Amino acid sequence: MATESEAFWLHAGATVTIDELSTASGLTVMEIRELVEYGALTPVGEVTFSATCVACVRQAARLQRDLELEIPALALVLSFLERIETLELEVRKLTSKPR
Amino acid sequence: MKYKDYYAILGVQRGASADEIKKAYRKAAQKHHPDVSKEAGAEEKFKEVAEAYQTLKDPEKRAAYDQLGTGFREGEEFRPPPDWGERFHFRQGNGEAFSFDDLDLDLGDLFESLRGGARQAGRQRPIPGQDYEATIHLTLDEAHRGTEIDLAFEKPVKVRIPKGAADGQRLRLRGQGGKGINGGRDGDLYLNIVLHPHSLFRTSGHDLYLDLPLAPWEAALGATVEVPTLDGRVALKIPPDTAAGRKLRLARKGLAKPGGGEGDLYAVVQIVNPTVLGTRERSLFEELAKASRFDPRAHFAAEKSHGD
């Protein structure tokens, strides 16, 4: 059974290090740095990122591996995924209005 | 063991070039990838084409597969030729040879074990456990207070969801994924939280919004009304001359946040008339209509008319 200390909310107030992001996504630190260069990822510190990016980076990395994408395509996929996530959340907010 | 027709799965001829195989795979993968396709069964279909590609893209694995011949149909029970296992050195994760008499043996697992030259040296290499992902639905109360849920991957697990959830937020549970092999770390479990719509509250991050209906006289004269929150009812003071649409903030009455604190609750004022007027109510409204100089549409006059 999980204890609470093992549970970690990936919320806007939390950060992950570049190494944690690499472990979580399977991307190398070099590849993550390239994503930063392409503007698909914005670090919040020297080598830290907002924890909210973890899910999208994992999904993009899966697509890169399975569809054999180059890094520029991975960067594009990642920025689209983040946009879709933001929009889907917005739609859910609007449609969850009571009554 | 069941035969799998990897060429048919990818839709290519047996003599297809490496390039044709790659193209066929990429086309099928783009269509069926579970992160892209929302169709039922997409994941199984994708796994099938990925397995076919993993075998056919590798010249050594493809040669071994081709040795099985063309005598079998998809899904047919079969046994490989007698010297086949010897020639290709199939080894399980623990280094032991496979037994081809094993009926549960999977052709894909077999080819998975043929990992180029690394297979000898890499046998004891630590392999991290698989990460798991799931979407779970919580009520606002469950999100606010935390809860326990049952999930089933390889085996059933009880997972404690700490308080602090918001709609669309993710929770990572370290080590709750698949078991690592040869000392590799255990995988993590990622949960995507979706909040059920509530009959009264809607959420924006950890803030809550509540529609607050007021009678015209409550809005005009001010009042103290009871409003529901996730922690029970509280008294809310309505200032006099409150307009419809005004947001009254109840600090820290929203959802619990990760790491402490709470969001706010906003009561959004709606002004509601009685649906049926009693005689006395009607006459009081009539009196008000005569006495009042209030013009709620004054701004219409200021607007330049376009029709004339």
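### Let's talk about the overall build of chain B
The secondary structure content of chain B amounts to 11 helices and 11 strands. Against the compact-globule benchmark of 19 Å for 308 residues, chain B has a radius of gyration of 33 Å, which places it well outside the compact range. Its C-alpha atoms give chain B principal-axis dimensions of about 105 × 55 × 35 Å. Taking all 308 residues of chain B together, the buried fraction comes to 39%. When contacts within chain B are restricted to residue pairs at least 6 apart in sequence, long-range pairs at least 24 apart make up 55% of them. Charged side chains in chain B number 47 positive and 48 negative. The centres of these two groups are separated by 5 Å.

### Comments concerning the interface of chain A and chain B
Contacts between the two partners involve 29 residues from chain A and, on the opposite side, 45 residues from chain B. Of the roughly 3400 Å² buried between chain A and chain B on both sides combined, carbon and sulfur atoms contribute 52%. Inspection of the region where chain A meets chain B yields seven salt bridges. For B:Asp35, the salt bridge identified is with A:Arg62, shortest N-O distance 2.7 Å.

### Examining unusual backbone geometry
All names here are of chain B. For Asp 241, which is not glycine, the phi torsion reads 60° and is therefore positive. Within the fold, Asp 241 resides in the loop between strand 9 (232–238) and strand 10 (247–250). In this structure Asp 241 comes out as exposed when scored by relative accessible area, which is 66%. Even without being glycine, Arg 252 reaches a positive phi, approximately 60°.

### Here's the deal with the sheet that holds strand 5 (residues 189–195) of chain B
Taken together, four strands build an open sheet; the order of strands is 1(A)-4(B)-5(B)-1(B) and the sheet is mixed. The open sheet is flanked by strand 1 (7–10) of chain A together with strand 1 (132–138) of chain B, the only strands paired with a single partner. Taking the axes of each pair of neighbouring strands and ignoring which way they run, one obtains an average angle of 25° across the sheet. Summarising the sheet, strand 1 of chain A and strand 4 (residues 170–173) of chain B pair through four bridges and their orientation is antiparallel. In the strand pairing of strand 4 of chain B, A:Phe8 is matched with B:Arg172.

### Remarks on the packing of helix 3 (residues 54–67) of chain A against helix 4 (residues 71–95) of chain A
The description of two helices packed together rests on the angle between their axes and the distance between the axes. Residues and elements named next belong to chain A. Helix 4 packs onto helix 3 with a crossing angle of 140° between their chain directions and a minimal axis gap of 9 Å. Considering their axes alone, helix 3 and helix 4 lie oblique with respect to each other. The two elements helix 3 and helix 4 meet at a crossing, and its hand is right-handed. Where helix 3 approaches helix 4, its residues Cys 56, Val 57, Gln 59, Ala 60, Ala 61, Leu 63 and Gln 64 are matched on the opposing element by Ile 71, Leu 74, Val 77, Leu 78, Leu 81, Glu 82 and Glu 85. Broken down by class, the residue content of the contact of helix 3 with helix 4 amounts to 10 nonpolar, two polar and two charged.

Criteria and thresholds
Residues numbered from 1 in each chain as written. Chains lettered and ligands numbered in written order. Predicted model: local features only at pLDDT ≥ 70, side-chain atom pairs only at ≥ 80, totals over all residues. Heavy atoms only, no water. Helix = DSSP H or I, 4+ residues; strand = E, 2+ residues; numbered from the N terminus. Rg over C-alpha atoms; globule rule 2.2 N^0.38 Å. Buried < 20%, exposed > 50% of the residue type's maximum accessible area, 1.4 Å probe, protein only. Contact = heavy atoms within 4.5 Å. Lys, Arg positive; Asp, Glu negative; His and termini not counted. Charge placed at Lys NZ, Arg CZ, Asp CG, Glu CD. Buried area = accessible area lost by both parts, 1.4 Å probe. Salt bridge = Lys/Arg side-chain N within 4 Å of Asp/Glu carboxyl O. Pairing = 2+ DSSP bridges. Axes fitted to C-alpha atoms, helices over the stretch in contact; angles between N-to-C directions. Parallel < 35°, antiparallel > 145°, perpendicular 65-115°, else oblique. Left-handed = near helix turned anticlockwise from the far one by under 90°. Nonpolar A, V, L, I, M, F, W, Y, C, P; charged D, E, K, R; others polar.

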